[in-house]
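Next come the chains, spelled out residue by residue.
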Amino acid sequence: MQTSRLLVFSLFLCVSILSAQQPKKLSSSEIFESVQKLNVLASVLYIAAHPDDENTRLISYMSNQMKARTAYLSLTRGDGGQNLIGPELRELLGLIRSQELVAARRIDGGEQLFTRANDFGFSKHPDETLSIWNKNEVLSDVVWAIRTFKPDIIINRFDHRTAGQTHGHHTASAMLGMQAFDLANDKNKFPNQLQYTSTWQPKRIFFNTSWWFYGNQEDFDAADKSNMITFDVGMYYPLKGTSNNEVAALASSQHLSQGFGRMSDRGSQQEYIELLEGDALKNNTNIFEGIDTSWNRIEGGKAIGAVLNQVEANFNFNNPSEHLPQLVEAYQLLQKVEDTHWKTIKSDELLNLIEASAGLYLEATSRDASACPGEKVKLNLEVINRSNANITLKSLQILDTSDKLTIQKNLIANNKFNYNLETTIHPEANYTSAYWLLNEGTLGMYNVKDQTQIGQPLSTPALQVQFIMDIDDVELTFNKPVVYRYAKPEKGELYQPFEILPPATVRMSNRVVIFNTGESKQIEVTVKAHTNNASGTLSLIHPEGWVISPNSYSFEIENKNDANNFVFSVQPPKAQSEGFIVPIATIGSREFTKEVVEINYSHIPFQTVLLPSQTKVVRLDIQKRGNSIGYIEGAGDVVPESLRQIGYEVSIIKPEDINPDYLAEFDAIVVGIRAYNTIEALKFKQNDLLNYVANGGNLIVQYNTSRGVLVDNLAPYNLKLSRDRVTDETSDVRFVNPEHPVLNVPNKITKADFSNWTQERGLYFPDEWAKEFTPVLSMNDPNESPKEGSLLVAPYGKGYYVYTGLSFFREFPEGVSGAYRLFANMLSLGKTTAD
């Protein structure tokens, strides 16, 4: 049992960040801060629902001021949000936001955990949230996080007593935190977890309150605070040369996909936490009251503390390696401790300190970025001892293999040693991908079969190397992930994770192909080789009634990373139909149906994910009027490509190019999602756009958030945005003005056109508008009043202004036929003849 528990703790602690960034090298001040943290045996778990929900000020305060081991448990990965930096949505956005959270924790000093809950989109009540999530499974994951992380203190970001008053995910996260606080110490609850860990009872659980939860500062000032603790989180850290608020702002600014980049601030700032359950406090000053957070906390810890407290008290900033004998002594003493939880945590911290204090540089790089199962991989291993300490490199070994190189080399100060080691990837090795995407899940839950993976922020590295060393005659083992290191002239040195990939991957050129006539279309399929001399056949699985030509292609790709493109002719059926086309690359007796998707943004590590490759094909009965569309891009969507799919010629309009003559070339202009929240230049171009409408143009504005609109005149008439939304994608849609042209010309819109919508109907609907606007649709979530602001049309001069909060940006990528037909009508307003 003890061995199993140690294993799961190691998994939580040692999940390597598959990072494109260089390995972190600690300065003397950072080493000293690590020593300070090493001498504190305290832990805090912060719980909320999404990436960017966390209070980075409080996480940084707990980690950097209180020196407590601090983690943020985000119940979801934020898959259901919007993306301000690119087109990725759903699971790809979840990958981006997971990395943004990990990046934030690297800055504020916390750790990152998750549950299996899938962010399915906005929810108005925790009852709905928990029914879609599978309450029992998510609750078990929160209990699992508590039992493995073993926090002394839990802090909920949200109030469990406010059901229906805020995002359902938010309230649900607080409710689950409260329930898990009571259940984590009950051996009869989720007993299967106890083969890997043990029960645990946190001391206290708090709610991180503020004026925001009271509606305004005045009500909060008047509130009873006798059950609250307050912290001034604005302190300055001389060792960092920055304040806690500045650290927090930088951490929060990692959430760029959500537009959280912000300016830093300085000075005193108060945070409040309200005690919900647990041991009462004698005075409201110390959340760890009654908990010994020193080394005396564990049996055998007093001797360790005596050694390490001396290191802290007499730290040599000029030569941290002076403390290596004491650090190694403490490590030896720690191995005799029976408390496996703290032994694992502090052993990991001590190894990192020993490595940093000695100036050890240990790196394992591969000559290639990837390999396939069964292939040989050549590794370069670099070792440097940048101190005068007596260190011997005994051996190098590939973790979980028998591949080993015996060295027995004394590491002379500042002399670089390089070694080559070859290993063979196991023939049945798993491919590198996001572990939570390996198995098909549900709308509300990811399907993770390995209990020990649940909660991990990212997948573990494909390969790791053990550097086995003697330091002061004590054997120590340092594990390093294998990475691929390279350079680009315009960027310098770069790192990316080494990956295990299939011999071939396949990619369809389009995620959705719309057939608005009975004519065939050409669909391109790319086969990429991840090994040399990949040969086989490529074919397509297709829906009944669709005709594919040719039946298959043969491919021979000589060099790894090369790709061949193949074009298939796809003939749709005469009647309306839809389905999926799946490419299959067959090599020998094995079939490969996945594509490699790359995600590459400068603020997070480069990453790839293997996803099923498929294209949705839709034979659609659709008519359109007009042909030339101008598109002003907003915060990232695929609407332009979707409009091209149904035969429009779409040109991307840059804000600086907006002028009356240029706009006059287009039959209609579409403004992308959140453009008026994100593009400052539009405030200077809005009059040109409205004049375009007055002169006979058709302007369609997609949703913007109600907060942060950058223009004063969003529309030619009064239009007030709100937070109204309809989250139930199956909600009844009623026609307020059934005879309006937007519901009849050139396509007759019926209720069937609102079938099979995904995630939501729409968001941020206007709730006030001038009489010139005509509301077209009415809809609402259960038990709510009708909302008529989802689609508003107003004639202005000779043209039409259309504002819509309908989620076309979500429906188009899913091939929702009714969304295409309705949008075609919007583009056709005011046009009397077909193009």
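Residues numbered from 1 in each chain as written. Predicted model: local features only at pLDDT ≥ 70, side-chain atom pairs only at ≥ 80, totals over all residues. Heavy atoms only, no water.

Across its full length, the chain carries 18 helices and 42 strands. What you see for the chain is a C-alpha radius of gyration of 29 Å, in line with the 28 Å of a compact globule of 835 residues. Taking the principal axes of its C-alpha atoms as reference, the chain extends roughly 90 × 75 × 55 Å. Residue pairs in contact within the chain that sit at least 24 positions apart in sequence constitute 74% of those at least 6 positions apart. For the chain, the distance from the average site of its 77 positive side-chain charges to the average site of its 98 negative ones is 1 Å. (Helix = DSSP H or I, 4+ residues; strand = E, 2+ residues; numbered from the N terminus. Rg over C-alpha atoms; globule rule 2.2 N^0.38 Å. Contact = heavy atoms within 4.5 Å. Lys, Arg positive; Asp, Glu negative; His and termini not counted. Charge placed at Lys NZ, Arg CZ, Asp CG, Glu CD.)

The next subject is the pairing of strand 35 (residues 698-701). In strand 35, alternate side chains face the same way, and those of N698 and I700 on one face and L699 and V701 on the other are all buried. Examined bridge by bridge, strand 35 and strand 42 (residues 799-804) share four bridges and lie parallel to one another. Within strand 42, the position partnered with V701 by the bridge is Y803. (Buried < 20%, exposed > 50% of the residue type's maximum accessible area, 1.4 Å probe, protein only. Pairing = 2+ DSSP bridges.)

Here we come to helix 10 (residues 301-313). Residues spaced three or four apart along an α-helix face the same direction, because each turn holds 3.6 residues. The end-to-end C-alpha distance of helix 10 is 18 Å, a good match for the 18 Å that 13 residues give at a rise of 1.5 Å each. Three or more residues of helix 10 are buried, namely G301, I304, G305, V307, L308 and V311. With its buried residues spanning 165 degrees around the axis, helix 10 presents them on a single face. Helix 10 presents K302 and A313 as exposed residues on the side facing more than 90 degrees away from its buried surface. At its buried positions, helix 10 is contacted by helix 2 (28-38), helix 11 (324-334) and helix 12 (340-357). (Expected span 1.5 Å × (residues − 1). Arc of directions from axis to C-beta.)

A pair of packed helices is captured by two measures, namely the crossing angle of their axes and the spacing between those axes. Across the interface, helix 3 (residues 56-65) lies against helix 9 (residues 244-252) with an axial gap of 8 Å and an inter-helix angle of 125 degrees. When the axis of helix 3 is compared with that of helix 9, the two are oblique. Relative to helix 9, helix 3 is oriented so that their crossing is right-handed. Each of T56, R57, S60, Y61 and N64 in helix 3 lies in contact with helix 9, whose residues at this interface are N244, N245, V247, A248, A251 and S252. Here the contact of helix 3 with helix 9 is built from residues that sort into four nonpolar, six polar and one charged. (Axes fitted to C-alpha atoms, helices over the stretch in contact; angles between N-to-C directions. Parallel < 35°, antiparallel > 145°, perpendicular 65-115°, else oblique. Left-handed = near helix turned anticlockwise from the far one by under 90°. Nonpolar A, V, L, I, M, F, W, Y, C, P; charged D, E, K, R; others polar.)

Bringing the environment of E329 into the picture now. Along the chain, the position of E329 falls in helix 11. On the basis of relative accessible area, E329 is assigned to the partly exposed category, the value being 38%. Put simply, E329 and I304 are 25 residues apart on the chain and 8.3 Å apart in space, counted from C-alpha to C-alpha.

Of note, Q456 is situated in the loop between strand 15 (416-424) and strand 16 (464-471). Of the polar contacts made by the side chain of Q456, one reaches the backbone oxygen of T452; its length is 3.1 Å. (Polar contact = N/O pair within 3.5 Å; in protein donor to acceptor, adjacent residues only side chain to side chain.)

A few words now on the confidence of the model for the chain. Considering every residue of the chain, the mean pLDDT works out to 94; 97% of them sit at 70 or more. Throughout residues 1-20 the model reports pLDDT below 50, and contacts reaching past four residues in sequence, or to other chains, amount to 64 contacts. (pLDDT = per-residue confidence, 0-100.)

All right, on to the pairing of strand 34 (residues 668-671) then. Side chains A668 and V670 of strand 34 all project onto a buried face; the interleaved residues I669 and V671 project onto the opposite face, where all are buried too. The pairing of strand 34 with strand 35 spans three bridges and is parallel. Looking at the pairing, V671 lines up with V701 of strand 35.

Take A819: it is sitting in helix 18 (residues 817-828). Taking relative accessible area as the criterion, A819 reaches 0% and is therefore assigned buried. Sequence-distant contacts of A819, that is, excluding residues within four places in its chain, are made with D753, W757, F808, E811 and F812.

This brings us to the sheet that holds strand 20 (residues 504-508). Pairing is antiparallel across the open sheet formed by four strands, whose spatial order is 20-22-26-24. The sheet terminates laterally at strand 20 and strand 24 (547-549), the two strands that pair on one side only. The average undirected angle you get between the axes of adjacent strands in this sheet is 30 degrees. One ladder, built from five bridges, connects strand 20 with strand 22 (residues 521-529); its direction is antiparallel. Bridge pairing links V506 to V527 in strand 22.

Per the counting criterion, the structure on display carries 32 salt bridges. R57 is the salt-bridge partner of E271, the closest N and O atoms lying 2.8 Å from each other. Of this pair, E271 sits in strand 9 (residues 270-278) while R57 sits in helix 3, placing them 214 residues apart in sequence. On the basis of relative accessibility, which here comes to 4%, the residue E271 falls in the buried class. Each of K124, D781, E784 and K787 takes part in a single network of salt bridges with overlapping partners. (Salt bridge = Lys/Arg side-chain N within 4 Å of Asp/Glu carboxyl O.)

Enumeration according to the criterion identifies 29 aromatic pairs in this entry. Between F315 and F317, the aromatic rings sit 4.9 Å apart at their centres with planes inclined by 80 degrees, giving edge-to-face as the arrangement. Classification of F315 by relative accessible area gives buried; the value is 10%. For F317, a relative accessible area of 37% puts it in the partly exposed group. On the numbers, 5.2 Å between centres and 20 degrees between planes, the contact of Y484 with Y486 is stacked. Here Y484 falls in the partly exposed class, since its relative accessible area comes to 21%. One aromatic cluster is present, formed by F735, F754, W757, F808, F812, Y820 and F823 through successive ring pairs. (Phe/Tyr/Trp six-rings, centres within 6.5 Å; stacked < 30°, edge-to-face > 60°.)

Next up on the list: the side chain of T432. On the secondary structure map, T432 appears in the loop between strand 15 and strand 16. Beyond its immediate chain neighbours, meaning those up to four positions away, T432 contacts A462, F498, E499, I500 and L610.

The sheet built from seven strands is open, its strands ordered 33-32-34-35-42-41-39 with mixed pairing. The open sheet has two free edges, formed respectively by strand 33 (649-652) and strand 39 (774-775), since each of these has just one partner strand. On the sheet, helix 18 packs against strand 32 (628-632), strand 34, strand 35, strand 41 (791-796) and strand 42 and is oriented at approximately 140 degrees with respect to strand 35.

Right, let's get into unusual backbone geometry. Looking along the chain, the bond that leaves S549 and enters P550 is cis, with omega of -5 degrees. Here P550 shows up in the loop between strand 24 and strand 25 (552-557). Cis geometry marks the peptide bond from V745 to P746, where omega comes out at -5 degrees. Looking at the element boundaries, P746 is found in the loop between strand 37 (734-735) and strand 38 (762-769). Backbone geometry places N533, a non-glycine residue, at a positive phi of 55 degrees.

Attention now moves to helix 3. Burial of helix 3 is extensive: eight of the ten residues sit out of reach of the surface. Among the residues of helix 3, those classed as buried are T56, L58, I59, S60, Y61, M62, S63 and N64. Its side-chain oxygen at 3.0 Å from the backbone nitrogen of R57, N55 defines the N-terminal cap of helix 3. Phi for K67, located one or two positions after helix 3, is positive at around 65 degrees.

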